[in-house]
Structure formats: structure tokens, C-alpha cells
Amino acid sequence: MSLDAAPQLHYPMPKATGCPFDPPPELRTLQAAEPLSKVTLWDGSTSWLVTHFAHQRTLLADARVSADRTRDGFPILQPNTPRTGSPVGFISMDDPEHSRLRRMVTAPFMIKRVRAMEPGVQRIVDDLIDQLLAGPRPADLVEAFALPVPSLVICQLLGVPYDDHDFFQVNSKALIKIETPLEERMAARERLTSYLDELVGRKLTEPGDDVLTELAARVTAGELTREEAAGIGVLLLVAGHETTANMIALGTLALLEHPDQLAVLRDSDDPAVVNSAVEELLRYLNITHRGLTRVALSDIEIAGQTIKAGDGLIFPNDIANRDPEVFDEPDVLDVRRDAKRHVGFGFGIHQCLGQPLARMELRVVYSTLYRRIPTLRAAVPLDQVDFKHDAIVYGVHKLPVTW
């Protein structure tokens with residue numbers, strides 16, 4: 001099928017109306033018919049939509065592909081998103097600046113240090129389950145458990161007072177909500193940046209055993225500016241609680257809707273089963289359901305097409321994780337599947353810095369919650385669950401549960 005003859009495709013595409021865990025059906029059609037397709041965005045611009053797993057990995061690892069949103073041709077998926085500057089931290093920077101800033105916070109997320117945090121995370125999970133069991137039924141799993149777990153963890157890691165969680169959660173939601181007006185989005189970003197800048201300044205004179213103290217020390221040493229340190233802090237705080245919270249709630253709902261898979265996870269004492277369940281849920285659900293965006297710096301030949309310099313690229317990793325060339329029966333949730341090659345955390349130099357921490361938190365949650373509350377069940381039918389179709393991080397707004 002020639003691109004000229006193809007019907008005009010608009011992106012983003014609406015989420016599937018049948019199964020709320022599945023990608024839009026149009027993406028499945030495109031994946032089967034065209035490895036790369038041209039799609040039209042809200043402003044009339046066009047970008048390449050990359051739906052195959054292998055092509056996503058190839059292009060995301062290509063140095064000729066840029067994450068710098070200020071470059072001409074970079075795809076902006078919604079009108080209320082600023083083109084200038086990075087939304088938070090270093091995620092929209094290219095090397096060498098990207099690597100310079102990312103290296104400043106690599107150590108706290110290394111596997112050895114994350115493993116040392118696991119007993120503390122286990123205590124947080126157990127305490128919140130105790131409170132859940134002692135409270136009323138039904139309960140909202142998001143408010144009572146899914147959101148507090150990663151919020152408490154990232155606050156302890158960064159050195160952010162958890163008492164301020166209402167403030168940073170409200171402003172984080174403004175950043176990731178699709179329909180937030182540009183002025184409100186920028187104001188929320190500024191409030192978070194000012195808040196983290198104040199905390200970094202406090203750590204200069206009142207150091208602790210936390211990431212913000214390490215960033216403050218780098219400011220003192222002249223390795224970072226206060227603005228850079230605050231930007232990194234915003235990135236880690238927002239990403240560190242929003243993404244994992246959504247995976248906890250959405251993963252729980254998916255398991256409750258697949259009781260055979262929940263039983264496998266709940267009844268097994270094998271850590272390998274828990275690990276594989278974490279990876280499979282990350283593959284199957286993929287909460288970054290609008291995908292990753294990039295722009296080509298020079299011409300790239302791939303899949304029989306020529307991506308020109310300045311062409312936008314969109315990588316919907318939810319459909320890449322359902323690629324039948326990589327995963328057998330990709331639309332089936334199978335917690336025993338070897339799914340660790342998924343691209344739920346992205347790929348290449350920009351793949352998620354915090355993935356060791358996220359995996360550990362999910363491992364603790366998924367191995368604890370359903371054993372301690374074996375009769376856990378949804379308190380409303382699936383069609384009454386309020387899904388986050390209005391946010392760039394997919395999940396559920398509320399999840400009423402009982403037991």
C-alpha cells in the first residue's frame with residue numbers, strides 16, 4: 001500500500017472501547033499492514049508512526065534520532081504542550097548534556113542500592129495493607145494504597161517531606177493531564193521547580209542521606225546549577241510516584257479480571273514467578289500509552305522507507321509490546337511468560353532511569369497484597385471503572401475494592 005493511497009490517519013488514536021487494557025485496534029491494523037505509517041497530528045503536521053517492536057528498538061538506539069523537543073519537526077501530540085525547554089529534567093535532551101545530567105543521579109538507582117531499600121519498601125507495603133484492612137469497605141485502592149506506596153518511597157529516596165504529598169501530587173496531575181491548559185501546565189511546572197529548588201537550597205545547609213543532598217553537593221562543587229538540580233528533582237519526584245502508582249492499580253485490576261493468572265502469582269513461592277509476573281504486566285499494560293516522540297537528525301533508511309532529516313517519529317510502545325513477531329499470543333496475559341524484552345521502559349540512552357526501583361516496588365506489592373488479602377476483589381464492574389483516558393500516563397482514577 002503506497003503512502004499516497006493510504007487513508008489519512010490521525011494520532012493519537014482513541015483507546016480501545018472493548019478491553020481497556022488493549023491498545024487502539026487501529027494500531028494492530030497498522031502493525032500488520034505497514035511497519036511505518038504517516039499520521040497527521042492536531043496541527044496538520046505529519047510524523048512517522050513506528051509500530052514494530054524491532055524497528056522501535058533500532059530507531060530509539062540510533063544516534064541520528066533526537067529527543068530534543070525544540071528541534072523543527074519534533075512531534076507535539078497536543079496543543080497545550082510547550083515546545084521550548086524540557087518539561088522536566090533531562091528527558092528531552094540529547095547527548096552530551098543528557099548523559100552529563102543523567103550521570104548525576106545514576107548511583108541511587110543502581111540495582112545494589114535498590115535492593116538495600118527493599119526491606120523498607122516491604123514495611124511501607126505491609127503498613128498500608130494493615131491500614132487498608134482496618135478501614136472501611138469498599139475502599140479506593142488508588143488513594144489507600146497504590147498512590148501512597150511509591151510516593152512514600154520516592155520521598156524517602158529524594159529527601160522530600162511526605163507531608164507535602166498533596167501539593168506535589170496535585171501539581172504532578174496537572175502536568176500529565178492531557179487537557180490541562182498551557183498556562184496551568186506551566187504554572188504547575190514552575191511551582192514544582194520552585195519547591196524543589198527550595199529543598200535543594202535547604203540541603204546545602206542541612207544535608208541528609210538522600211538524593212537531593214547529593215545534588216546539592218554537586219551544586220556546591222560546581223558540577224550542577226541550582227536550576228539543573230531542581231529540574232532533576234522534579235523529574236524524579238513526578239516520574240517516581242505517578243508511573244508506579246498507575247502500574248500498581250492497573251496491574252491489580254488486570255489480575256482481578258484474570259483470576260487464573262492472579263492465582264498463579266498469589267499461590268507461588270517461587271521468586272521467579274513474581275519476577276516474570278512483573279515483566280508481563282509491564283508488557284501487557286504499558287502505561288505510557290501515547291508513546292515516545294522523537295525527530296530524525298538525518299536521513300534514515302529502514303523498513304523500505306526513507307525517514308528524512310526533520311521528520312517526526314512516534315513510538316507507541318503499547319503496540320510494540322503486543323508484536324506477534326516477538327511475543328506469542330501477545331494479547332493474552334500470561335504471568336509465566338518470559339517478557340523481559342518489553343519496551344515498557346523505553347529503549348536506548350533514554351530508557352527509564354528508575355526502572356530498577358519500579359521493578360522492586362512492583363515485586364514487593366505483587367508478592368504481598370494478594371497473599372495478605374486473598375479475597376480481594378473489585379467492588380464495581382469493569383465498565384464502571386474510571387480509566388485515565390485523559391492523562392499521558394494510563395491507569396485508573398479510582399479502583400473501588402472489597403474483600
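Computed from a predicted model, the values in this text were never measured in an experiment.

Before going further, it helps to examine the confidence of the model for the chain. Predicted confidence across the chain gives a mean pLDDT of 93, with 97% of residues reaching 70 or more. When the criterion is pLDDT under 50, residues 1–6 qualifies, and its contacts beyond four places in sequence or with other chains add up to 6 contacts.

Turning to the packing of helix α11 (residues 259–267) against helix α14 (residues 355–372), a few remarks are in order. Where α11 contacts α14, the axes come no closer than 9 Å and their chain directions differ by 100 degrees. By the angle class used here, α11 and α14 are roughly perpendicular. Of the residues in α14, those in contact with L262, L265 and R266 of α11 are Y366, Y370 and R371. Residue classes in the contact of α11 with α14 are distributed as 4 nonpolar, no polar and 2 charged.

What follows is about the nonpolar core. Grouped together as the largest cluster of nonpolar side chains are 90 residues, with contacts concentrated most on F145, L215, Y366 and V396. Among the elements that line this core, the one with the most residues is helix α10 (residues 226–257), at 16 residues. When neighbours within four sequence positions are excluded, L215 is seen to be in contact with M104, V105, L224, A229 and I232. Listed in part, the 12 residues of the second largest apolar core include W48, L59, I300 and F315.

Within the secondary structure, S92 is located in the loop between β3 (65–66) and α3 (97–103). Between the alpha carbons of S92 and R294 there is a distance of 9.2 Å; along the sequence they are 202 residues apart.

A separate point is the state of the cysteines. Following the criterion strictly, the structure yields 0 disulfides and no others. C352 takes part in no disulfide bond, and the closest cysteine sulfur, belonging to C155, lies 17 Å away. The partly exposed category is assigned to C352, whose relative accessible area is 31%.

A sheet is described by the order of its strands in space; here 5 strands give the open sequence β1-β2-β8-β5-β3, paired in mixed fashion. Every other strand in the sheet has two partners, leaving β1 (36–40) and β3 as the edge strands with one partner each. Each of β1, β2 (46–50), β3, β5 (292–296) and β8 (312–315) touches helix α2 (residues 53–60); the most contacted strand, β8, lies at about 130 degrees to it.

Thresholds applied
- Residues numbered from 1 in each chain as written.
- Predicted model: local features only at pLDDT ≥ 70, side-chain atom pairs only at ≥ 80, totals over all residues.
- Heavy atoms only, no water.
- pLDDT = per-residue confidence, 0-100.
- Contact = heavy atoms within 4.5 Å.
- Axes fitted to C-alpha atoms, helices over the stretch in contact; angles between N-to-C directions.
- Helix = DSSP H or I, 4+ residues; strand = E, 2+ residues; numbered from the N terminus.
- Parallel < 35°, antiparallel > 145°, perpendicular 65-115°, else oblique.
- Nonpolar A, V, L, I, M, F, W, Y, C, P; charged D, E, K, R; others polar.
- Core = buried A, V, L, I, M, F, W, Y, C linked by side-chain atoms within 4.5 Å.
- Buried < 20%, exposed > 50% of the residue type's maximum accessible area, 1.4 Å probe, protein only.
- Disulfide = S-S within 2.5 Å.
- Pairing = 2+ DSSP bridges.

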